[in-house]
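What follows is the residue order along each chain.
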Amino acid sequence: MTIEFTAWPEEFATAYRKKGYWTDRPMTDLIDHAPQENLAVLCGERQFTYADLCQKSQNLAGYLNHLGLKKGDTALVQLPNIAEFYVVFFALLRIGVVPVNALFSHNENELSAYAKQIKPSLVIASQQHRLFANDQYWLALQQQETSLKHILLVETGWGASLVEAMETSFQQWVEHPNAPDEVAFFQLSGGSTGTPKLIPRTHNDYFFSIRRSVEICRFSSSTVYLCALPCAHNFPMSSPGAFGVFHAGGAVVMASNPEANLCFDLIERHQANVVALVPPALALWLQVAVDRKSSLTSLSLVQVGGAKLSESIARQVPERLGCQLQQILGMAEGLVNYTRLDDDFETIVKTQGYPMCSMDEVKVIGSDGNPVAPGEEGELVTRGPYTIRGYYKAPEHNAKVFDREGFYHTGDLVSQDANGYLTVVGRDKDQINRGGEKIAAEEIENLLLKHEHILHSALVAMPDSIMGEKTCAFVVPRHDGSKLKSVQLRKFLRGFGIADYKVPDRFEFIDALPLTPVGKPNKVALRDVIRQRLQLNNVS
Ligand code: OOB
């Protein structure tokens, strides 16, 4: 059994292979071919060499194989930023079990939605998460998905022990990863629809994006990378991220979150030289660095992406942090753009770079679907050797966002200069980018509509000096619901078990939603309304 997905047409696959981009090797090579004695992951007081990662992931693979897990099965994984995340990832690859790596901030709403789509046989989780503190959610999930047979937990508790499984060597199992042109794992999409979409990534395409990223960012065995963003996110995983570090034979230092003082301590202690951040985290680092610059002497590169970085913040990086800035415009669907290390400072602070590969095809199109003139604004559309051709089991949505030629319509509004550099100027998708965390407006609107006193709802972005954007839910109460309060609505939404970052930052109650000529909620008008109200509040 293999996992179905929209494959690249044969002529493209042939071209990517011919160029040497697709090498038909499994991603387990990342650790198997690394210098085994080198340190690979530093996690709290624990240290793992590449030999450790290999051994532990083999042990775990043997254990899972023994349980009966096999090629074509899927797993739902939710782990915090700990070394076990990588052990689990490579163990699953070794036996062809395809994981979804949920973010640690995700809750039952997200996990259940992923489980519904992939029908997993296995869950790997941590009791550090509220959901897995006891077996209640696990039992409920098993009721929902009868495919679920096994759960492993990092901590010894009510489930089988992950750590024990990693320590025990199993004989008589054969490593058999999925074919390199088959799905290796699922990435998560930021989403713009009611249900979160899954992104099938193959060994070939993902491995290529990692190798190319390593070249561009010049990672080497001397790289000490601080993993401060959620380890399951595409950015710290592959741009070049931890996997790039593994490919280069360097070391990854795990930070539980990007909080500045915590990270500065880790940088100083482990002499970390690279970190990836989202813009709000960078802004806070710049403040803390005023008093702690001496902790950062080892740092040579800070990569920033996930959301728009303001030029004024970007300009402060070299002086405040004493290191170089790199901007990255990436997406879990594939395409990643980097400013290059030897670009001039103006380019680095003003643009989000250009595609990493010469076979990335990028167009900026106007509302008529035709390319706009250089420098003009339009939607970024792309296809290439590591950009997917379709989401998992989502034919209707795929028909909307992938065109007949296989270009992915990103919903990002950009301009591209004569040298190919992209600058993000806006967005044409119903998504809010809350400091790098993506929220699909429709998902929250649908949940609000389940409230008996709500007639209409619309979620829009409102400006925020630290986060860039926060969320504002406009709510039209039914006649009898005029006494609705934000507190109640937050509680109501939390009742569905959504991730905290998706709970609206603000509620506005109005009599009617302004409509567009075709009768849809006019979100441009609503964004203006909230912007004006915020300004008024500031003045008063
Ligand atoms: C990264 O991936 P996702 O999948 O969480 O989000 C992708 C979307 C992009 O389509 C764009 O809307 C936004 O996030 N975005 C940016 C940006 N980088 C991403 N918007 C403005 N400026 C940027 N620099 O966010 C991601 C994946 C790999 C590397 C880096 C980021």
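Predicted model only: the values in this text are computed from it and were never measured. (Residues numbered from 1 in each chain as written. Predicted model: local features only at pLDDT ≥ 70, side-chain atom pairs only at ≥ 80, totals over all residues. Heavy atoms only, no water.)

A.B. asks: Outline the site of the ligand, supporting the account with residue identities and numerical values.
C.D. replies: Taken together, the neighbourhood of the ligand is formed by 19 residues, with His-233, Ile-328, Ala-332, Asp-412 and Lys-438 sitting nearest. One of the backbone N or O atoms of Lys-308 is found 3.5 Å from a nitrogen atom in the ligand. One nitrogen or oxygen atom from the main chain of Ala-332 is found 2.9 Å from an oxygen atom belonging to the ligand. Protein coverage of the free-state accessible area of the ligand, which is 600 Å², stands at 96%. Taken together, the elements giving at least two residues each to the shell around the ligand come down to helix 9 (234-238) and strand 14 (324-331). (Near = heavy atom within 4 Å. Polar contact = N/O pair within 3.5 Å; in protein donor to acceptor, adjacent residues only side chain to side chain. Areas by Shrake-Rupley, 256 points an atom, 1.4 Å probe, with all protein chains shown as cover. Helix = DSSP H or I, 4+ residues; strand = E, 2+ residues; numbered from the N terminus.)

A.B. asks: Can you lay out the nonpolar core for me, pointing to particular residues and giving the numbers?
C.D. replies: Formed by 173 residues in total, the largest nonpolar core has its most connected members in Leu-60, Tyr-86, Leu-226 and Phe-246. Considering each element in turn, this core owes the most residues, nine residues, to helix 4 (residues 84-94). Core analysis: the second largest hydrophobic core is formed by 11 residues, Val-460, Val-476, Ile-530 and Leu-534 among them. (Core = buried A, V, L, I, M, F, W, Y, C linked by side-chain atoms within 4.5 Å. Buried < 20%, exposed > 50% of the residue type's maximum accessible area, 1.4 Å probe, protein only.)

A.B. asks: For the sheet that holds strand 24 (residues 468-477), give the residues involved together with the corresponding values.
C.D. replies: Strands sit in the order 23-24-25 across an open sheet of three strands; the sheet is mixed. On the outer flanks of this sheet lie strand 23 (454-464) and strand 25 (506-509), each paired with one strand and no other. The average angle at which neighbouring strand axes cross in this sheet is 25°, direction not considered. Its contacts with the sheet place helix 16 (residues 441-448) against strand 23, strand 24 and strand 25, and it is angled at close to 145° to strand 23. In the packing of helix 17 (residues 486-494) onto the sheet, the strands contacted are strand 23, strand 24 and strand 25, and the crossing angle to strand 25 comes to about 120°. (Pairing = 2+ DSSP bridges. Axes fitted to C-alpha atoms, helices over the stretch in contact; angles between N-to-C directions. Contact = heavy atoms within 4.5 Å.)

A.B. asks: Break down the domain arrangement of the protein chain for me, citing the residues and quoting the values.
C.D. replies: Domain boundaries in the protein chain define domain 1 (50-178), domain 2 (359-427) and domain 3 (431-536). Placing a centre on the C-alpha atoms of domain 1 and another on those of domain 2 gives a separation of 35 Å. (Domains from an automatic or database assignment.)

A.B. asks: Could you give me a rundown of helix 4, with the residues and numbers involved?
C.D. replies: Burial analysis of helix 4 places 11 of its 11 residues in the buried class, which makes it a mostly covered element. Restricting attention to buried positions, one finds in helix 4 the residues Glu-84, Phe-85, Tyr-86, Val-87, Val-88, Phe-89, Phe-90, Ala-91, Leu-92, Leu-93 and Arg-94.

A.B. asks: Would you mind going over the pairing of strand 4 (residues 98-102) in detail, with residue names and values included?
C.D. replies: By the criterion of burial, strand 4 is predominantly enclosed, with five of the five residues buried. In strand 4, alternate side chains face the same way, and those of Val-98, Val-100 and Ala-102 on one face and Pro-99 and Asn-101 on the other are all buried. Handedness of the β-α-β unit built from strand 3 (residues 74-78), helix 4 and strand 4 comes out right-handed. (Right-handed = clockwise from strand over helix to strand, strands pointing away.)

A.B. asks: Tell me about the sheet that holds strand 11 (residues 251-254), and name the residues and values.
C.D. replies: Taken together, nine strands build an open sheet; the order of strands is 2-1-11-10-12-13-14-15-16 and the sheet is mixed. Strands with a single pairing partner mark the edges of an open sheet, and in this sheet they are strand 2 (46-49) and strand 16 (354-355). One ladder, built from two bridges, connects strand 15 (residues 334-338) with strand 16; its direction is antiparallel. Within strand 16, the residue paired with Asn-337 across the bridge is Pro-355. Its contacts with the sheet put helix 8 (residues 203-217) on strand 13 (301-305), strand 14 and strand 15, and the angle it makes with strand 15 is roughly 5°.

A.B. asks: Give me the lowdown on the environment of Cys-231, citing residues and values where you can.
C.D. replies: Structurally, Cys-231 can be placed in the loop between strand 10 (224-227) and helix 9. It is 9.9 Å that separates the C-alpha atoms of Cys-231 and Ala-102, two residues lying 129 residues apart in sequence. Aside from chain neighbours lying at most four places away, what touches Cys-231 is Leu-79, Pro-80, Asn-81, Phe-85, Tyr-86, Pro-236, Met-237 and Met-254.

A.B. asks: Quick one: what's the story with the pattern of salt bridges, residue by residue and with numbers?
C.D. replies: When their charged atoms lie close together, side chains carrying opposite charge are able to pair. What the rule picks out here adds up to 34 salt bridges. Across the salt bridge formed by Arg-46 and Glu-84, the nearest N and O atoms sit 2.7 Å from each other. Placement of Arg-46 in strand 2 and of Glu-84 in helix 4 is noted, with a sequence separation of 38 residues between them. Connected through shared salt-bridge partners, Glu-311, Arg-315, Glu-346 and Lys-350 make up one network. (Salt bridge = Lys/Arg side-chain N within 4 Å of Asp/Glu carboxyl O.)

A.B. asks: Help me get a handle on the packing of helix 3 (residues 50-67) against helix 4, residues and values and all.
C.D. replies: Between helix 3 and helix 4, the least distance of the axes is 8 Å, while the angle of their chain directions is 55°. The orientation of helix 3 relative to helix 4 falls into the category oblique. By crossing handedness, the relation of helix 3 to helix 4 is classed as right-handed. Touching Leu-53, Cys-54, Lys-56, Ser-57, Gln-58, Leu-60, Ala-61 and Leu-64 of helix 3 are Val-87, Val-88, Phe-90, Ala-91, Leu-92 and Arg-94, all from helix 4. (Parallel < 35°, antiparallel > 145°, perpendicular 65-115°, else oblique. Left-handed = near helix turned anticlockwise from the far one by under 90°.)

A.B. asks: So what about the packing of aromatic side chains? Which residues, and what values?
C.D. replies: On inspection of all chains with the given rule, the structure shows 26 aromatic pairs. Aromatic pair Phe-12 and Tyr-16: ring centres 6.3 Å apart, planes at 55°, arrangement tilted. Taken as a pair, Phe-12 and Tyr-16 lie in helix 1 (residues 10-18) at a separation of four residues, close to a single helical turn. Residue class for Tyr-16 comes out buried when judged on its relative accessible area of 1%. Members of the aromatic cluster, connected to one another through ring pairs, are Tyr-50, Phe-85, Tyr-86, Phe-89, Phe-90, Phe-185, Tyr-206, Phe-243 and Phe-246. The aromatic ring of Phe-207 is capped on one face by Arg-211, whose charged end is 5.1 Å from the ring centroid. (Phe/Tyr/Trp six-rings, centres within 6.5 Å; stacked < 30°, edge-to-face > 60°. Lys NZ or Arg CZ within 6 Å of the ring centre and 35° of its normal.)

A.B. asks: I'd like a rundown of the pairing of strand 11, residues and numbers included.
C.D. replies: Residues of strand 11 alternate between two faces, with Ala-251 and Val-253 on one and Val-252 and Met-254 on the opposite face, all of them buried. The pairing of strand 1 (residues 39-43) with strand 11 spans two bridges and is classified as parallel. In the sheet register, Leu-42 faces strand 11, and the bridge partner there is Val-253.

A.B. asks: I'd like to hear about the state of the cysteines, residue by residue, with values.
C.D. replies: This model, assessed by the stated rule, comprises zero disulfides. The cysteine Cys-231 is free of any disulfide, with Cys-227 supplying the nearest cysteine sulfur at 5.6 Å. Residue classification places Cys-231 among the buried positions, given a relative accessible area of 1%. (Disulfide = S-S within 2.5 Å.)

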